[in-house]
Structure formats: structure tokens, C-alpha cells
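Descriptive structure summary
Chain by chain, the residues run as shown.
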Amino acid sequence: MSLIAESYWIAGLVSLSGAGVLLLCYNAFFHPLAQFPGPRLASITGLWRLYHYAIGDWHDLILDLHRKYGRVVRLAPNELSVVDESAMKALYGHGTPALKSNWYSAFQSPQAAPNQLATQDPQISADIRRRMAPAFKMTALLRLESSMQDCFDKLWQQLDKPASEGAIVDMCHWTDTLTWDVIGQLCYGEPLGSIAGAGDMNVQGILIKFLMVSTVLGHVWGQLFWIENPLTRLLGIKNPLSKFFEWSSMKVRQHEESDRSGVQPDMIDHFLAYRDSEGKPPTRLQVVDGATATIGAGADTVGIAMRSVLYYLSINPAVVAKLQKEIDALDSSESISFRQTQQLPYLKAVVRESLRMYSSVPAQLYRIVPDGGLSVDGHFIPPGTIVGMCSLAQNRDTAIFGQDVDVFKPDRWLGDEARGRYLENALFNFGGTGPRSCPGRDLAM
Ligand code: HEM
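Residues numbered from 1 in each chain as written. Predicted model: local features only at pLDDT ≥ 70, side-chain atom pairs only at ≥ 80, totals over all residues. Heavy atoms only, no water.

- Labelled according to an unreviewed UniProt entry, the protein chain appears under the name Cytochrome P450, originating from Aureobasidium pullulans.
- In UniProt, the protein chain has this text filed under Cofactor (unreviewed entry): "heme". (UniProt positions renumbered as here; feature names shortened; annotations may be inferred.)

Below is the structure:
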């Protein structure tokens with residue numbers, strides 16, 4: 001290399017390093033978010049947060065961060081985590097103008113129509129929600145109660161033998177298979193877990209892998225491009241999700257082509273029956289996407305919630321005894337129906353408290369602070385900042401739930417009605433009550 005070319009290289013490298021150092025200094029000391037506390041590394045680079053998402057310790061870390069730094073913590077140069085009831089309403093409540101951040105794009109498969117979880121566009125999101133709404137109505141869900149009960153009955157059969165022998169069973173495994181069976185049954189009219197033997201494809205494995213990868217890649221430049229690009233296509237490496245889409249598409253086609261009269265309509269039937277304001281039916285891709293979002297967002301979340309309830313019951317025998325007493329007082333020798341559970345306040349308190357202690361979605365739910373900014377705990381957060389709330393941090397906030405936040409105490413939900421209502425409004429499990437909140441909340445509960 002000539003001397004001149006070499007000196008150009010050196011000058012280039014020095015300029016780049018200088019620009020890098022300047023950027024890091026700007027992020028750490030002069031950025032509009034520089035006043036917010038947080039780990040020093042987080043103030044200069046988002047790689048720190050990416051690393052913790054990748055190694056999977058976020059659920060512990062986010063609690064420690066808020067306990068150490070307070071209700072507003074800087075997680076990356078332009079990103080904050082907040083804990084606050086009024087911020088929850090502003091970001092996730094009715095009529096909020098706050099949009100989802102670009103992190104969600106990593107949940108959008110390139111081959112599919114926009115899906116409800118991933119889309120950032122409020123108009124598209126509203127259209128999808130309208131299309132999916134009939135399937136989530138309580139009346140539609142109640143009609144499917146007997147198919148859900150079938151899945152539970154199959155599970156009881158599996159558990160009968162080990163229970164009579166006093167053997168240890170892995171309830172993580174069984175709650176998982178149960179919820180994939182139930183959601184599969186509701187959505188496709190067939191189980192997707194494996195209580196009664198594996199189905200014809202591993203939907204559960206594919207979707208869980210996709211969700212895990214997307215949660216991390218959402219923070220990486222290029223996002224899904226890293227797993228699906230011209231090179232992977234050239235090498236014949238298929239995104240595992242494509243296999244699932246082909247399968248899902250085939251199931252939708254079967255619904256379209258078969259005579260469904262006399263069959264209890266499942267969610268795909270509801271999606272197919274939808275007509276927009278001009279009387280137009282949805283495309284097949286839109287129906288496939290509705291099904292994907294439903295099972296992708298609905299199966300694992302309910303499984304985790306069940307495990308949380310079972311875990312806290314298993315270490316709190318006094319709570320079990322009280323719950324048993326409430327259930328025994330019900331006049332029912334059969335399985336308990338959804339309507340009957342509405343007469344069981346202690347059961348509701350146990351479920352609510354378990355979900356408070358460990359929520360199914362521990363990731364930050366990122367929103368872009370809208371025009372006018374956001375006020376949290378006496379701090380002004382400028383518009384354009386990426387702000388996320390984490391259910392775990394909000395639900396263990398001592399200012400809201402009291403000094404005993406780490407104690408499993410279903411009774412905190414009972415007795416004082418006004419206090420119970422206040423806590424319920426501050427609890428952050430289903431993404432608030434606004435335009436992007438969880439449509440599966442009633443089904444889950
Ligand atoms: C205990 C169970 C559940 C929990 C804790 C839960 C939690 C959540 C949360 C926190 C969000 C908001 C995500 C965000 O803003 O990024 C959400 C959205 C969503 N949930 Fe659930 N969910 C549960 C069950 C279900 C079920 C059973 C279904 C469907 C069968 C479902 C379908 C969805 C969908 C489609 C979205 C996207 C909504 C949108 O972005 O507009 N969820 N869920």
C-alpha cells in the first residue's frame with residue numbers, strides 16, 4: 001500500500017473513532033435524556049439492554065433497576081422504562097395517541113399480511129381488531145366452553161394415574177400442552193399441544209422460537225433481515241415460520257371448502273365470516289394472520305399465567321385451604337363453568353395476585369412519546385422518546401401496592417372495595433385498556 005493510501009486509511013479510522021467517541025459523550029452527557037438515572041453503559045449504547053434480552057435475565061434485572069434507580073430508568077440512549085399509573089393511562093389507555101415503536105416490526109413475518117401484534121399503524125390495527133372482534137366476544141367464547149372442557153378432561157385422564165400413585169408430575173409441561181391444545185381448539189378447531197398425542201406439526205415449537213428470536217432482534221438493526229435475506233434464500237435456509245404459514249393456510253382452505261353447517265364455529269369460522277363496511281370478505285392471508293396472532297399471543301401467555309397460579313398455590317398451603325373451602329361451598333358436582341367462577345371472589349383474587357407477582361409478558365411494551373411529551377413522577381419526557389413499561393416492575397411498585405409487594409397475598413384484593421378498584425386499575429398485565437390492549441383478556445381470565 002502506498003504511503004498516501006495508508007495515511008488516508010489512518011485519517012479515516014481516526015475520524016471514525018473520534019466521531020464514535022463524540023457520539024458516546026453526547027449520549028452520556030448532553031442527550032435530552034442524560035438527566036435520567038440508569039446504568040452508565042445503558043446511557044451510551046443499546047447493546048447493554050440487547051445483551052440482557054438475549055441472555056434472558058430481563059425479568060429479574062428490570063425489578064432491580066427500578067428498585068435501584070426509581071420510577072424512571074434509562075435503558076438505552078433514547079429509551080426509558082417507567083413505572084407510574086398516570087403514564088400507564090397516557091401510553092396505553094383509551095384514546096392514547098402513543099404509537100408502538102419499531103421494536104414490534106420484528107414480529108411481522110415478511111411473507112404475511114400485517115398482524116395485530118406487530119403493526120404500528122393505528123388505522124391498520126383498528127381494521128384488524130374490527131375483523132377479529134366477533135371471535136373474541138364473550139358470547140362466542142362461551143359457546144366454545146365445552147371444547148375447552150374436553151381438553152381439561154383429557155388432561156385429568158393423563159394426571160389420574162400419577163395422582164393416585166402420588167408420583168411427581170411436571171406441571172410446566174402439562175400447562176403448556178393444555179394451553180396449546182385449548183387455543184388450537186378454539187382457533188383451528190383442533191388441539192395443537194400434545195395431551196392426546198402430538199399433532200401433525202410442531203406449531204408450538206415454531207412459534208415459541210419465532211417469538212424469542214423476534215423479542216431480541218427487535219432491538220437489532222435490520223431485525224428479521226438477519227434470518228431471512230437473499231443469502232439465506234440462496235442457501236435454501238427456510239424461515240421455520242414459512243412451514244407454519246403453509247400449514248395454517250391449508251387449515252383455512254379446509255375451513256373454506258368443507259361444509260361447516262352443524263359444526264361449532266371456531267375463530268377461523270368467525271374470521272372468514274367477517275365483511276367490511278363495503279361487504280368485502282377478508283383475504284386468506286388476513287385470516288391466516290388472524291389465527292397466527294391469536295395463537296402466537298394467546299397460548300404461551302395463558303400457560304405462564306397458569307404456572308404462576310400453580311406455583312404460588314404450591315408454596316402457600318393456607319391459601320389452598322381457603323380456596324378449597326370456597327370451591328366446596330359451590331353447589332356443583334360437575335366441572336365448574338365460567339359463569340360459576342364469577343361467584344368465587346377468592347379464586348379471582350388468587351388469579352389476580354398470581355398475575356401481579358409474575359406476569360406473562362415481562363418485556364418492555366415500547367411506545368413513542370407523542371407530541372406534548374409525557375410527565376412521569378415529576379419528570380418531563382420529551383416527544384419522540386421510546387418509553388416502555390414492564391408489567392413486573394409496575395406490579396411490584398411499593399408506592400402502589402404497599403411495602404409487602406413481594407408477598408403473595410390474595411387478600412389484598414378483597415375487603416376494601418375502593419382499594420381493590422384502585423389496585424385493579426394500576427395493575428399492568430394486559431397492556432392497559434387502550435387501542436392496543438389485549439383482545440384475549442376475557443378468554444385468558
Ligand atoms: C394471561 C394471558 C395473557 C396475557 C398476560 C396477555 C398480555 C398481553 C399484553 C401485555 C398485550 C399488549 C402487548 C403490547 O402492547 O405490546 C397483549 C396483546 C395481545 N394479546 Fe394478549 N395476553 C394474554 C392472553 C391472550 C389470549 C388468550 C389471546 C388470544 C387468544 C391474546 C391475544 C393478543 C393479541 C392478538 C394481542 C395484540 C393486540 C394489539 O397489539 O393490538 N392474548 N396481550
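Points about helix α15 (residues 317–328)
- For α15, which comprises twelve residues, the first-to-last C-alpha distance of 16 Å matches the rise-based estimate of 16 Å (1.5 Å per residue) to within 8%.
- Along α15, the residues that are buried comprise Val319, Leu323 and Glu326. Projected down its long axis, α15 carries its buried residues within an arc of 55 degrees, all on one side. For α15, the exposed residues lying more than 90 degrees away from the buried face are Pro317, Ala318, Lys325 and Asp328.
- On its buried face, α15 is in contact with α14 (284–314) and α17 (345–357). (Helix = DSSP H or I, 4+ residues; strand = E, 2+ residues; numbered from the N terminus. Expected span 1.5 Å × (residues − 1). Buried < 20%, exposed > 50% of the residue type's maximum accessible area, 1.4 Å probe, protein only. Arc of directions from axis to C-beta. Contact = heavy atoms within 4.5 Å.)

Quick word on the pattern of salt bridges
- For the coordinates displayed, the defined rule picks out 22 salt bridges.
- Between Glu353 and Arg412 there is a salt bridge, and its shortest N-O distance comes to 3.0 Å. Separated by 59 residues along the polypeptide, Glu353 in helix α17 and Arg412 in the loop between α19 (398–401) and α20 (417–426) bring together distant segments of the chain.
- One connected set of salt bridges, linked through shared partners, spans Glu353, Arg356, Asp404, Lys409 and Arg412. (Salt bridge = Lys/Arg side-chain N within 4 Å of Asp/Glu carboxyl O.)

Describing the side chain of Ser125
- Position of Ser125 relative to the elements: it lies in helix α6 (residues 122–136).
- Exposure remark for Ser125: the relative accessible area of 3% places this residue in the buried category.
- Looking at Ser125, its side chain comes within polar contact range of the side chain of Arg436, at 3.2 Å.
- Sequence-distant contacts of Ser125, that is, excluding residues within four places in its chain, are made with Thr119, Pro435 and Arg436. (Polar contact = N/O pair within 3.5 Å; in protein donor to acceptor, adjacent residues only side chain to side chain.)

Re the packing of aromatic side chains
- All told, the structure shown has 14 aromatic pairs when counted by the stated rule.
- Ring centres 4.9 Å apart and planes at 50 degrees place the aromatic pair Tyr92 and Phe428 in the tilted group. Here the residue Tyr92 occupies a position in helix α5 (residues 85–92), and Phe428 occupies one in the loop between α20 and α21 (441–444), the gap between them amounting to 336 residues.
- Overall, Phe428 belongs to the buried group, its relative accessible area being 1%.
- Through pairs of rings, three or more aromatic residues link up here, namely Trp103, Tyr104, Phe107 and Tyr366.
- Here the basic side chain of Lys100 rests over the ring of Tyr104, its NZ or CZ set 4.2 Å away from the ring centre.
- The aromatic ring of Phe401 is capped on one face by Arg356, whose charged end is 5.4 Å from the ring centroid. (Phe/Tyr/Trp six-rings, centres within 6.5 Å; stacked < 30°, edge-to-face > 60°. Lys NZ or Arg CZ within 6 Å of the ring centre and 35° of its normal.)

Some thoughts on the site of the ligand
- Taken together, 26 residues sit near the ligand, with Lys100, Tyr104, Arg129, Arg367 and Cys438 positioned nearest.
- In this structure, Lys100 approaches the ligand through a side-chain N or O atom, which is 2.8 Å from an oxygen atom.
- Between Arg367 and the ligand, the recorded distance is 2.8 Å, taken from a side-chain N or O atom to an oxygen atom.
- Residue assignment for the shell around the ligand shows that the elements contributing at least two residues are α6, α14, β4 (365–368) and α21.
- For the shell around the ligand, the element with the most residues is α14, which contributes six residues.
- Residues that form the shell around the ligand fall into these classes: 13 nonpolar, nine polar and four charged.
- Shared between two domains, the shell around the ligand holds at least three residues of each, these being domain 1 (34–98 + 362–445) and domain 2 (105–315). (Near = heavy atom within 4 Å. Nonpolar A, V, L, I, M, F, W, Y, C, P; charged D, E, K, R; others polar. Domains from an automatic or database assignment.)

A word on the coordination of the iron atom of the ligand
- No other protein atom reaches the iron atom of the ligand as a donor apart from Cys438 (SG), found 2.3 Å away.
- You can see Cys438 is positioned in the loop between α20 and α21. (Donors = N, O, S within 2.8 Å, 3.2 Å for Na, K, Ca; no water.)

Examining the UniProt feature "binding site: heme" (unreviewed entry) in the protein chain
- Those residues carrying the UniProt feature "binding site: heme" (unreviewed entry) are Cys438 in this numbering.
- Setting aside residues no more than four positions away along its own chain, Cys438 makes contact with Arg129 and Phe430.

Quick notes on the sheet that holds strand β2 (residues 79–82)
- Within the open sheet, the five strands sit side by side as β1-β2-β7-β4-β3. Their pairing is mixed. Because the sheet does not close on itself, it has two edges, and the strands there are β1 (72–76) and β3 (99–100).
- The sheet contacts of helix α4 (residues 58–69) involve β1 and β2, and relative to β1 the element is tilted by about 130 degrees. (Pairing = 2+ DSSP bridges. Axes fitted to C-alpha atoms, helices over the stretch in contact; angles between N-to-C directions.)

Overview of the pairing of β4
- The sheet contact formed by β3 and β4 spans two bridges and is antiparallel. Bridge pairing in β4 places Leu99 opposite Ile368.
- Of the strand pairs in this sheet, β4 and strand β7 (residues 386–389) are connected by four bridges, and their pairing is antiparallel. For Leu365, the partnering residue across the bridge sits in β7 and is Met389.

Considering the domain arrangement of the protein chain
- For the protein chain, the assigned domains read domain 1 (34–98 + 362–445) and domain 2 (105–315).
- Spacing between the C-alpha centres of domain 1 and domain 2 amounts to 26 Å.
- In this complex, domain 1 contributes 17 residues to the contact, which on the side of domain 2 involves 19 residues.
- In this assembly, domain 1 packs against domain 2 so that about 1,500 Å² is buried in total across both faces, 67% of it on carbon and sulfur atoms. (Buried area = accessible area lost by both parts, 1.4 Å probe.)

With respect to the pairing of β1
- The element β1 is extensively covered by neighbouring structure, given that five of its five residues are classed as buried.
- When β1 meets β2, the two strands line up antiparallel, connected through four bridges. Each bridged residue has a counterpart across the sheet, and for Ala76 the counterpart in β2 is Glu79.

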